[in-house]
Structure formats: structure tokens, C-alpha cells
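Each chain, written out:
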Amino acid sequence: MDVVLDNLDLFVGGLRTTVSLTLLSYAAAFVIGIVVAAFRVSPVPPLRGAGALFVGTIRNTPLAVLMVLFFFGLPDAGVIYSSFTSAVIVLAAYTGSFIAETVRAGVNTVAVGQGEAARALGLTFPQTLRIVVLPQALRAVVAPLGSLFIALIKNSSLAAIISVPELAGTAEQLISDTAQPLPIFIGVAVAYLVLTLPAGALVNALERRVAIVR
Amino acid sequence: MKKALCAVLIGVSLIAAGCGSDDDDATTTATTVADKAPKFAAGSTMAKIQENGKLVVGTKFNQLGSGLKDPTTGDLEGFDIEIAKLVAAELFGVSPSKAEDKIEFKETPTPVREFSIQKGDVDIVIATYTINDTRKAFVDFAGPYVVDGQTVMVAADNTTIKTLEDLNGKKVCTARGSTTPKNLTDKKITANITLFDTYPECATALRQGRVEAVVTDRGILLGLVEQGARAFKLVDIDVSEEPLGIGLKKGDDAFRDFLNDRLEEIFESGEWATAFAGTIGALGVETPVPPTVNRYAGTGAATSVATTGTTAATTTSTVATATSR
């Protein structure tokens, strides 16, 4: 494992990029997910259609394809983002489409009477969603949202294909410098576990904390 | 010496394996004369490959000049492919033009080459594979069959990069797994390295202005310039010397001797020069003098990938400064 210890600075650098990539994209994905889910349950047909279109296209396209299309394709249309920004946008949109569906499932767990009562009190649709439905819906889907976070940590490794120097890509270069794939891959696996295990524990704790006692 | 002696003894040329140390080799070899395909010592890699009926060659599918897969026909073309055919021709006793049927090509991009050889997925790797000491800890190399050098490709209208030092602080692209970063560090150049999986992506990044230069082997860059519709040009900078070899399983010295003998044979016969002229030469490179095969002393079994690999320091190597991609 000497090769890992000798190059610890590279690993830490890659890990740092992976962490910032993940946190930024998840924050953006959460906003995207909530908005798209709101669209999908809204009473306005064009909004519902737009939400369905977003989820339908982004969720059903392989992440690697989205990355390459966004990074190499858009410049030909005159739009150029750095590799890191591109990766954040693509990861956020991709994860956002999954979050949207998860949140929508959460909304469906909220009893119909809750929405009816809110409307009876004179709340508008956005108010109903924000004050009554979403707080209950989100509590129901903490676990799947946590799974999506963990999936995002691992998905961020695909940013290497558009040259973001994150953990997996950095390790791959190190392998060819040293020709010692096994210790390096083990190091990479450990580094991802260092991120994902605490993330999982955090999600469990959060779930217990916000669980609705029925 | 052994080879020459053996050839005299049994009147069959160039069956290196048959000229090894055991006695039964000679008898096995002697029976070959009637057959079209040469016979090799039982249990040798050459004999096993013959038995399988196919030489499995790892190569790159995306490099014009060395190895490029035609998307419409599925055929591979390039200098590495020609070398593979010339090797297979000798193994199976067929003419090089028909050797294609005896080869199964597998794609081995830069990062997986050592793995593919160690796992036995391929018999040999001919994939613009630079011979260096790090890699010799894991695989052995026959050859070099050509000496390439790393150089610099820039956008056609670039006027700022003229010397190696001009790369300081510039955005330089290369493929992940390449030795370019190390080569630049060795030359005290501090560039801002961008890594993609393959070189065509580097070319796209260069076209889009995301990077300012692409640094790798001249043969690869010439292919990209050719495909780039006048968008790119090479700058006359020598970044490193890259002796390209045929990768094979470490410790298989009989097979390595066979490959080295075959390379020397095609250097001599002119088949090598024809292959070069028809592939890399077609991109505007003059056919050079064939390199000298480096029969370095073997260092035994492969360092397991699980260990630290520091025991690897191989003997020899006239191999100069190089590293590779």
C-alpha cells in the first residue's frame, strides 16, 4: 500500500474535488428535484408536461452520455463551461430527475384530506405544497433521498471522462505512472467508503429524527 | 548464437523456441519440415497459440496510423496492425496478407494493457506501447519495433507555443494513463494537465479552445492532425523518445525471443519498411531506419500487481529517457 501513502496528496486532492462536486450537485439537484416534483403534481397541464419531459429525457439517458454531450456538444452551439461546472450541472440535472420522482412518490403518501383541508382554509396551491404537503412528503422519503446522495457520490466518478480531476480519474492516472493497479484501486475503494459510510449513517440518524410517528 | 546453431543443425530457420535448452526441442522441431506451419516446442506459448488457431492481439482501435477501426467495415488499419499480421504470418506459416484470419484483435486502451496481458486476455499487446522500466515489472517487451517521440500539437493559428519552455503554465492535454505528465515533470515543465480517456477527446478540447496543446507520441498526433481538417499543427519540439514494443507475459523468454527474431527478420526483409510506408508513412513521415531490438535480460516472474512493485527495477535498457502513453 506504499504507493497509496506516497501519493496521499493526490488522493486527498481527488477526494476534495469529489466532495465539492458531490455537495454542490446535490444542493442544486435538491432544488431541481423539488421544483420538478411540484411541476409534476401541479394542476397546470403545461407545467405537468414540462416536468414529465424533464424527467423522461434526463433520467432515461446514461449519465456518461449526458456528460459528453454537455461538455463536448454544447460548445459547438456556442455555450462553453469549464469541466467542473459542466460536471456539476449534469450531475445536478441527472440526480435532480431522480429526486423529483422520489419527492413525487412522497407527495403521494400524504393523505388526500390534508390537501383538501389546506384548500378549505384558503391556501393557494404553492402554499398548500410548501406548508402542508411537502414537509410531510419529504419526511417519508428521507431514506431514498439518502440513497440518491450516496449514488451521487459514486456517480461523480464519471466526471473523470470530461477531465475533472476527481478521485477515480486521479487514481487511474496514478496507476499508469506506477503500474500498480491493485493497491490503488483498494485505496480508491476505501476513500469512497470514507465518504459513503458516514453519509449512510447520517441519513439513518436523520430519518429517525424526522420520522412521522403514526 | 543458439539460434544460428540450431538453424544449422536442423535446417529450419528461425524457430527460436525449438532452439531452447531441452533436448526434445530439437526432435519436435525436426518434424516440422513437412508441415507448412512451423512446429514449436510442446507447451511453449507459440505452440499454444497455434493450437488455439488465433493469435489474440491487444491494440488500440482509435488511432489513425497505428491502429484505427473503420466504423463501416470494422477492419483495423495501421502500423501496429501490420506488425501483428507479420508476427501471425510467422506463427502460422501463412502469408502476411492472409494472416488477418489468424488474428483476433481486442481493444486495449492505454490504462488496461498490463492487466490484459497479466490476465491472459491477450497473447500480445501491440498498441503504441512504450517500453519502460515501470512496465517491465509487470510485463515483458519484445522490440522496439519502432522508436517514436513525444511532441506537441497546437491549434493551426497558435503562435505562442514554439519551444518546450512555452508549455509552462499552459493547459496541456493528454490521455489518462499517458506518461506525458511524467515526461513534462522530468523536463522541469509545469503545465496545467488536462486528462481525457482518449486522444480524439483531447483534439476536440483543443479545437474548442479548452486546452492549448496536446502532447503525446508523434505517430498519434500525426493521425489527429490528418483527421483535424487543418485545425491543428505539430510544433517541432522533442518532449521524449518512445521506443514502442510488443508487450507479452512477463518471464516468457522463449516467446520473447521468437518475437524479437521475427522483428529482426522483418527489419531485414524490408517488410517492416513497407508496413511503415503504407501506414504512418502515408501521413507524411519518412520511413526511418529500423530500430535495434533490445534483448534485455529477463527478470523472471511478474511482480504481482498486489505487491508494492518496488522490486521491479529491471536490468538493462538502452531505452533512453522514455515513458509513454
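Details of the structure are given in the entry above.
Keep in mind it's a predicted model, so treat the numbers as computed, not measured. (Residues numbered from 1 in each chain as written. Chains lettered and ligands numbered in written order. Predicted model: local features only at pLDDT ≥ 70, side-chain atom pairs only at ≥ 80, totals over all residues. Heavy atoms only, no water.)

Trainee: Would you explain the overall build of chain A in this entry?
Mentor: The number of helices and strands found in chain A is ten helices and zero strands. Per-residue burial over chain A gives 44% buried out of 214 residues. In chain A, the proportion of contacts linking residues at least 24 apart, taken out of those at least 6 apart, comes to 79%. About 10400 Å² of surface is accessible on chain A, with carbon and sulfur atoms providing 69% of the total. (Helix = DSSP H or I, 4+ residues; strand = E, 2+ residues; numbered from the N terminus. Buried < 20%, exposed > 50% of the residue type's maximum accessible area, 1.4 Å probe, protein only. Contact = heavy atoms within 4.5 Å. Areas by Shrake-Rupley, 256 points an atom, 1.4 Å probe, with all protein chains shown as cover.)

Trainee: Is there a simple way to explain the packing of aromatic side chains in this structure?
Mentor: Each aromatic ring pair is characterised by the separation of its centres together with the angle its planes make. On inspection of all chains with the given rule, the structure shows 15 aromatic pairs over all chains. Considering the side-chain rings of B:Phe79 and B:Tyr145, the 5.9 Å spacing of their centres and the 45° angle between planes classify their relative orientation as tilted. A residue pair is termed long-range when its members are at least 10 positions apart, and B:Phe79 in helix 4 (residues 79-92) and B:Tyr145 in strand 7 (residues 139-155) qualify at 66 residues. Grouping residues by exposure puts B:Phe79 and B:Tyr145 together as buried. In this structure, B:Lys136 packs its charged tip against the face of B:Tyr296, placed 4.1 Å from the ring centre. Lying across the ring of A:Phe71, B:Arg210 places its NZ or CZ 3.5 Å from the centre. (Phe/Tyr/Trp six-rings, centres within 6.5 Å; stacked < 30°, edge-to-face > 60°. Lys NZ or Arg CZ within 6 Å of the ring centre and 35° of its normal.)

Trainee: Sorry, what's going on with the interface of chain A and chain B here?
Mentor: Size of an interface: often given as the accessible area lost when the parts come together. Opposite the 26 residues of chain A that make contact, chain B presents 24 residues. Contact with chain B buries area across many residues of chain A, yet A:Phe72, A:Gln173 and A:Ala179 alone supply 25% of it, more than any other trio. As a salt-bridge pair, B:Arg207 and A:Asp76 come within 3.6 Å of each other at their nearest N and O atoms. Across the chain A-chain B interface, the total number found is five residue pairs in polar contact (both at pLDDT 80 or more). Broken down by secondary-structure element, the contributors of at least two residues to the side of chain A that touches chain B are helix 4 (63-73), helix 9 (167-178) and helix 10 (181-210) of chain A. (Buried area = accessible area lost by both parts, 1.4 Å probe. Salt bridge = Lys/Arg side-chain N within 4 Å of Asp/Glu carboxyl O. Polar contact = N/O pair within 3.5 Å; in protein donor to acceptor, adjacent residues only side chain to side chain.)

Trainee: Which parts of the structure should I look at to understand the nonpolar core?
Mentor: Here is a general trend for soluble globular proteins: nonpolar side chains tend to be buried in one another's company. By size, the foremost hydrophobic cluster in this structure holds 67 residues, and its most contacted members are A:Met67, A:Ile184, B:Met153 and B:Val214. In terms of residue count, helix 5 (residues 83-109) of chain A provides more of this core than any other element does, nine residues in total. Setting aside anything within four residues of it in sequence, one finds B:Met153 in contact with B:Ala203, B:Leu206, B:Glu212, B:Ala213, B:Val214, B:Leu221, B:Leu224, B:Val225, B:Phe232, B:Lys233 and B:Leu234. In terms of nonpolar packing, the next biggest core, distinct from the first, is built from 40 residues, B:Phe61, B:Ala84, B:Leu244 and B:Trp272 among them. (Core = buried A, V, L, I, M, F, W, Y, C linked by side-chain atoms within 4.5 Å.)

Trainee: Can you help me understand the packing of helix 2 (residues 8-41) of chain A against helix 5 of chain A in this one?
Mentor: Packed helices, taken two at a time, are described by the angle their axes make and the gap between the axes. All names here are of chain A. At their nearest, the axes of helix 2 and helix 5 sit 5 Å apart, and the two run at 45° to each other. Here helix 2 is positioned oblique relative to helix 5, judged by the angle of their axes. Crossing of helix 2 against helix 5: the hand is right-handed. Across the contact of helix 2 with helix 5, the residue classes tally to 21 nonpolar, six polar and three charged. (Axes fitted to C-alpha atoms, helices over the stretch in contact; angles between N-to-C directions. Parallel < 35°, antiparallel > 145°, perpendicular 65-115°, else oblique. Left-handed = near helix turned anticlockwise from the far one by under 90°. Nonpolar A, V, L, I, M, F, W, Y, C, P; charged D, E, K, R; others polar.)

Trainee: How should the pattern of salt bridges be read in this particular structure?
Mentor: Side chains bearing opposite charge may pair, as long as their charged atoms lie close to each other. All names here are of chain B. For the coordinates displayed, the defined rule picks out 19 salt bridges over all chains. Residues Arg262 and Glu265 are paired through a salt bridge, measuring 2.3 Å at the closest nitrogen-oxygen approach. One end of the pair is Arg262 and the other is Glu265, both in helix 10 (residues 253-269) and three residues apart, which spans about a single turn. Overall, the relative accessible area of 22% leaves Glu265 in the partly exposed class. Sharing partners across several salt bridges, the network here consists of Asp140, Lys250, Asp253 and Arg256.

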